[in-house]
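# Chains, contacts and geometry: an overview
Residues per chain, in single letters:
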Amino acid sequence: MVFDLEAARIAALPDDAFYISDFITVDEENWLLQKVKSAPLPRWTQLSHRRLQTWPSALTKSNALLASPLPAWLISPIIEPRFEALRIFNDAPHQAPNHVLVNEYQPGQGIMPHEDGAAYYPLVATVSLGAPIVLSVYQKHTQIDREESGTPAKAGRDVAGIPDTNRRPQYRILQERRSLLIMRGNMYTDLLHGIEEKTRDEDLGPHSICNWELLREREAYQCGWYERKTRTSLTYRDVLHVVKMGNTLKLLGGR
Ligand SMILES: O=C(O)CCC(=O)C(=O)O
Ligand SMILES: [Fe+2]
């Protein structure tokens with residue numbers, strides 16, 4: 001089955017972003033949450049404002065992926081057949097995602113505004129589980145902004161600027177549980193995204209949520225707010241540089 005992605009476009013956003021509200025079923029969601037929960041504890045990296053699983057493994061210092069398949073539960077049904085039907089990774093170098101980050105946020109937790117960076121093909125596909133959350137989208141700082149704020153540029157950071165949590169988001173995307181959000185192109189390379197560290201998401205409505213018309217449950221948010229609950233995301237990407245383990249061993253052995 002081939003799906004018409006255009007019907008899912010978030011028209012208010014720069015190219016390209018798409019939102020599909022019922023991407024997986026309730027049963028699939030429960031099963032995926034069970035899989036995330038049953039991963040051995042050392043799989044989790046506890047960060048100060050969320051915890052994280054990295055599949056199949058973390059990237060090397062030079063942003064390469066050691067070749068290894070994703071576990072079956074991250075492939076089916078999300079990649080096969082759903083992403084295949086959407087054909088979203090068709091133009092990516094490996095024609096499929098090869099890397100998944102699992103992020104878990106408790107109420108009050110979040111992720112600083114950031115960009116996903118050049119290690120990946122510029123496309124990220126995020127499946128949301130457990131509860132809704134608002135993703136905030138920011139302009140990168142301009143040189144003038146940075147000079148005014150007196151923030152020095154740091155080596156190794158985005159040359160366009162440094163994220164500032166006090167900035168107001170330019171756009172807000174409400175990600176319902178079981179939804180899929182796709183960001184690619186300018187949306188991936190020219191903007192920052194983050195999740196505010198809040199216990200409730202407020203000011204919800206057609207004027208502040210850019211995918212309002214694409215939501216499954218607009219009525220549930222009509223009152224303008226909800227209390228955050230534990231929310232888990234699966235973020236699928238294609239790492240550009242993949243090295244075979246054999247080659248790495250040869251390199252280490254100097255042969
Ligand atoms: O949890 C999310 O939806 C966003 C996660 C994210 O931005 C990332 O892992 O780079
Ligand atoms: Fe990100």
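To keep things clear, this report deals only with the structure shown in the data block.

About the criteria used
- Residues numbered from 1 in each chain as written.
- Chains lettered and ligands numbered in written order.
- Predicted model: local features only at pLDDT ≥ 70, side-chain atom pairs only at ≥ 80, totals over all residues.
- Heavy atoms only, no water.
- Helix = DSSP H or I, 4+ residues; strand = E, 2+ residues; numbered from the N terminus.
- Buried < 20%, exposed > 50% of the residue type's maximum accessible area, 1.4 Å probe, protein only.
- Contact = heavy atoms within 4.5 Å.
- Areas by Shrake-Rupley, 256 points an atom, 1.4 Å probe, with all protein chains shown as cover.
- Near = heavy atom within 4 Å.
- Polar contact = N/O pair within 3.5 Å; in protein donor to acceptor, adjacent residues only side chain to side chain.
- Nonpolar A, V, L, I, M, F, W, Y, C, P; charged D, E, K, R; others polar.
- Donors = N, O, S within 2.8 Å, 3.2 Å for Na, K, Ca; no water.

Moving on: the overall build of the chain. If you tally the helices and strands in the chain, you get seven helices and 15 strands. The proportion of buried residues among the 255 residues of the chain is 46%. Considering only contacts within the chain whose residues lie at least 6 apart along the sequence, 83% involve residues at least 24 apart. Accessible area for the chain stands at about 13100 Å²; split by element, carbon and sulfur atoms hold 53% of it.

Near ligand 1 you find 13 residues, and of these Asn103, Tyr105, Arg231, Ser233 and Arg237 are the closest. Taking tyrosine 105, its side chain carries an N or O atom lying 2.7 Å from an oxygen atom of ligand 1. Take aspartate 116: an N or O atom from its side chain is 3.1 Å from an oxygen atom of ligand 1. Relative to its free-state accessible area of 300 Å², ligand 1 is covered by the protein chains to the extent of 94%. Only strand S5 (99-105), strand S6 (111-114), strand S11 (191-195) and strand S14 (231-237) provide two or more residues apiece to the shell around ligand 1. Its residues assigned to classes, the shell around ligand 1 comprises four nonpolar, six polar and three charged.

Around the iron ion (ligand 2), the protein supplies His114 (NE2), Asp116 (OD) and His193 (NE2) as donor atoms, at distances of 2.1 to 2.2 Å. Considered as a linear motif, the donors of the iron ion (ligand 2) on their single chain read H-x1-D-x76-H. A relative accessible area of 13% means that aspartate 116 is categorised as buried.

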